[in-house]
Amino acid sequence: MALLQDELKIRKIHELLHMKLTLPSYQRPYSWSVKSANTLFQDTYNAYHEGVAVK
């Protein structure tokens with residue numbers, strides 16, 4: 001299923017917490033390694049700390 005253009009935007013965390021999100025069955029078995037999860041957290045933290053603007 002293709003994404004609609006209005007679905008392709010950066011959202012704030014509080015917006016995500018109020019959305020009904022689901023993972024397609026083909027993605028459910030995927031699991032993050034500790035290293036990958038840590039990298040995601042560090043990248044997110046660094047972007048926040050550096051003041052990366054949300055459009």
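Residues numbered from 1 in each chain as written. Predicted model: local features only at pLDDT ≥ 70, side-chain atom pairs only at ≥ 80, totals over all residues. Heavy atoms only, no water.

A.B. asks: How should I be thinking about the overall build of the protein chain in this particular structure?
C.D. replies: Helix and strand counts for the protein chain stand at 2 helices and 0 strands. When each of the 55 residues of the protein chain is scored for burial, the buried share is 0%. Total accessible area on the protein chain stands at roughly 5900 Å², and carbon and sulfur atoms take up 61% of it. (Helix = DSSP H or I, 4+ residues; strand = E, 2+ residues; numbered from the N terminus. Buried < 20%, exposed > 50% of the residue type's maximum accessible area, 1.4 Å probe, protein only. Areas by Shrake-Rupley, 256 points an atom, 1.4 Å probe, with all protein chains shown as cover.)

A.B. asks: When you look at a nonpolar patch on the surface in this model, what are you seeing that I'm missing?
C.D. replies: There is a patch of nonpolar side chains on the surface, built from Ile13, Leu16, Leu17, Met19 and Leu21 and spanning about 510 Å² of accessible area. Residue Leu17 is classed as exposed on the basis of its relative accessible area of 67%. (Patch = residues over 30% accessible without salt bridge, like charges linked within 9 Å, V, L, I, M, F, W, Y side chains within 5 Å. Salt bridge = Lys/Arg side-chain N within 4 Å of Asp/Glu carboxyl O.)

A.B. asks: Explain helix α2 (residues 34-49) here, please?
C.D. replies: A rise of 1.5 Å per residue sets the reference length of α2, with its 16 residues, at 22 Å; its end C-alpha atoms lie 22 Å apart and thus fit the reference within 8%. With its phi angle positive at about 75°, Gly51 sits one or two positions after the end of α2. (Expected span 1.5 Å × (residues − 1).)

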